[in-house]
Amino acid sequence: MGMMLVFVLILASFLGYELISKVPAQLHTPLMSGSNAISGITIVGAILSLSGAFVVDGEIMTIVLGTLSVFFATINVVGGYIVTDRMLSMFNTGKKEDQTS
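Predicted model, so just to flag it, every value in this text is computed and none were measured.

A. Expanded view of helix α3 (residues 60-89). Helix length check: α3 (30 residues) gives 44 Å between terminal C-alpha atoms against 44 Å at 1.5 Å per residue, within 8%. All buried positions along α3 are accounted for by Ile63, Gly66, Val70, Ala73, Val77, Gly80, Thr84 and Met87.

Written out as C-alpha cells, the structure reads:
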C-alpha cells in the first residue's frame, strides 16, 4: 500500500508540473484563484484526518503531518485570496462621483 501511495504522489507531482508549465502567464492568476477551492477541501480533509489521529492512535508523525498540512493549506488559501483581490482591484475604475449635483 505504501509503494502505491508513493507512486501516486510522484505521478501527481509530475503531471501537475507538466500542466502548470504549459499554461500561459496570463492565466496563472485566474487558475490560482480557482485552486483556492481545492485548498479549502484540503483544509477540511486535513482537519478531519487530524481529529481522527487524536482519537484513534495519536501517533506523533500523523499529528505533525496533519498540523503541517492544515497550516500550509491555510497559507495557500489566504495568499490566493490576497492575490485574487489585488488582481480584481486592477479592474476597478474607482468610485464614480455623484452626477446629480
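Next comes the rest of the write-up.
B. Highlighting the packing of aromatic side chains. If you walk through the whole model with that rule in mind, you get one aromatic pair. On the basis of an interplanar angle of 65° and a centroid distance of 5.4 Å, the ring pair of Phe71 and Phe72 is categorised as edge-to-face.

C. Fine view of the pattern of salt bridges. For the coordinates displayed, the defined rule picks out one salt bridge. Taking the shortest distance from any N to any O, the salt bridge between Glu18 and Lys22 comes out at 3.3 Å. The exposure class assigned to Glu18 is partly exposed, which follows from its relative accessible area of 28%.

D. Examining the confidence of the model for the protein chain more closely. On average, residues of the protein chain score 76 in pLDDT, and 78% of them are at 70 or above. By mean pLDDT, the top-scoring element of the protein chain is helix α1 (residues 2-21) (83), and the lowest-scoring one is helix α2 (residues 28-55) (74).

Calculation notes
Residues numbered from 1 in each chain as written. Predicted model: local features only at pLDDT ≥ 70, side-chain atom pairs only at ≥ 80, totals over all residues. Heavy atoms only, no water. Helix = DSSP H or I, 4+ residues; strand = E, 2+ residues; numbered from the N terminus. Expected span 1.5 Å × (residues − 1). Buried < 20%, exposed > 50% of the residue type's maximum accessible area, 1.4 Å probe, protein only. Phe/Tyr/Trp six-rings, centres within 6.5 Å; stacked < 30°, edge-to-face > 60°. Salt bridge = Lys/Arg side-chain N within 4 Å of Asp/Glu carboxyl O. pLDDT = per-residue confidence, 0-100.

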